Amino acid sequence: MTEQPNKSRTSANRARKPSPGKAPGPKDTAPKDAVPKDDPSRAAGDGAVVAQTRITIPAAHPMVTVLGTGDSILRVIEKHLPEVDFHARGNEITAAGPAADVELVEQLFAEMLLVLRTGAPLTEDAVERSIAILRAGRQGEGAERPAEVLTQNILSNRGRTIRPKTVNQKRYVDAIDKHTIVFGIGPAGTGKTYLAMAKAVQALQAKEVNRIILTRPAVEAGERLGFLPGTLYEKIDPYLRPLYDALHDMIDPDSIPRLMAAGTIEVAPLAYMRGRTLNDAFIILDEAQNTSAEQMKMFLTRLGFGSKVVVTGDVTQVDLPGGTQSGLRVVQDILDGVQDIHFSRLTSTDVVRHRLVGEIVDAYGRYDAARQEQEQPFPPAANRAQRRAGPRARAVG
């Protein structure tokens, strides 16, 4: 008895569209999976080579885990590979389209099955990032495979596992393992502080360090909060609240007060670091763009024996008073090339918050670049009349 296609996967059973300016004929209405498997050299309308592949999903993995509920994962793949036509029948998936895209489909499903074998969940976001990683690899931008990135577990707590989601995040995490001092520099939402704290908790649990020290400069984000009531700790608590929130995701909340009372975990403003030597500790400086050059030097020289330092920040969000240069900007020139110090740079493609966050970061980047270009001073060769006319010309424009 011939098995009928699964009609519930309507997105995977599309008919071939008729060629422009031509009435539909028998070849135009045939499904794409009817392309003979032994004839991959047929040319598509745009001159690309048409190929076909058949992927068999092992019985250990139900099709819903591979294609997603309601074919949600399959629709993500179709969105990123619009020239490929998919057809699902039983535990087999047939893909036909340009040869390069079909090859990418084969690699993608191989990586997806590797992720499932490790027990890691396969989500729409993970599949999108897998496609991006594979495409970047083809362009020579990285040798990492999606399964290597998406299955690198750092920490598990209350049924939730923390792991990198992008190639740059994986490189950042690996750098923390290899180097004594690591700078994580990138826009908001790229996981700089969260991953660093996960590595800190991992090191504490493995008894690689005796304590965790989390610090931030107490700088207002453009607002004047004025006098804050309460004790000194109550005054600085709002500045450190994001670090407490991350801790609650990684450690049993009931044990946090006990660990803090014992000094195993310390959360303090940057000013409290002066004059100390921090041995056998995992130290994280967050919001480092709001340190001055002097504060950055003071902090880095607190490093003691058996300790590790991670400095995180976003140089595009500096809240220092006018005229104060960010210590995070300066330190990149001062310490570049120093052995056992590493700079990890993340971009908008590494944002793991809402999709719009990455687009917002890019939009502000374009705006800042355009503004800087408009504010470029005249070259030295410009004569006096040109320099005088410059501001007026810009004002008129």
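Below is a summary of the structure that appears in this document. (Residues numbered from 1 in each chain as written. Predicted model: local features only at pLDDT ≥ 70, side-chain atom pairs only at ≥ 80, totals over all residues. Heavy atoms only, no water.)

### With respect to the sheet that holds strand S9 (residues 281–285)
Part 1 of the argument: Overall, parallel pairing links the 6 strands, which are arranged S8-S7-S9-S10-S6-S11 in an open sheet. Since the sheet does not close on itself, it has two edges, and those belong to strand S8 (265–269) and strand S11 (341–345), each with one partner. Neighbouring strand axes in the sheet, compared pairwise and without regard to direction, differ in orientation by 15° on average.
Part 2 of the argument: Strand direction decides the pairing type here: strand S7 (residues 211–216) and S9, joined by 5 bridges, are parallel. Considered in S9, the bridge of Ile213 is made with Ile283.
Part 3 of the argument: Here helix H12 (residues 327–334) sits on the sheet in contact with strand S6 (181–185), strand S10 (308–313) and S11, set at roughly 125° to S6. (Pairing = 2+ DSSP bridges. Helix = DSSP H or I, 4+ residues; strand = E, 2+ residues; numbered from the N terminus. Axes fitted to C-alpha atoms, helices over the stretch in contact; angles between N-to-C directions. Contact = heavy atoms within 4.5 Å.)

### Section: the packing of helix H3 (residues 72–80) against helix H5 (residues 124–138)
Part 1 of the argument: Contact geometry for H3 and H5: axes closest at 9 Å, N-to-C directions at 30°. In terms of orientation, H3 lies roughly parallel with respect to H5. As for how H3 packs across H5, the hand of that crossing is right-handed. Taken together, the residues of H5 that come into contact with H3 (itself represented by Ser72, Ile73, Val76, Ile77, Lys79 and His80) are Glu124, Val127, Glu128, Ile131 and Arg135.
Part 2 of the argument: Residues that form the contact of H3 with H5 fall into these classes: 5 nonpolar, 2 polar and 4 charged. (Parallel < 35°, antiparallel > 145°, perpendicular 65-115°, else oblique. Left-handed = near helix turned anticlockwise from the far one by under 90°. Nonpolar A, V, L, I, M, F, W, Y, C, P; charged D, E, K, R; others polar.)

### Remarks on helix H7 (residues 167–178)
Part 1 of the argument: Here H7 is 12 residues long and its end C-alpha atoms lie 16 Å apart, about the 16 Å a rise of 1.5 Å per residue gives.
Part 2 of the argument: Within H7 the residues assigned to the buried category are Val167, Gln169, Lys170, Tyr172, Val173, Asp174, Ala175 and Ile176. (Expected span 1.5 Å × (residues − 1). Buried < 20%, exposed > 50% of the residue type's maximum accessible area, 1.4 Å probe, protein only.)

Everything listed here is a matter of coordinates, which is why it stays silent on function.
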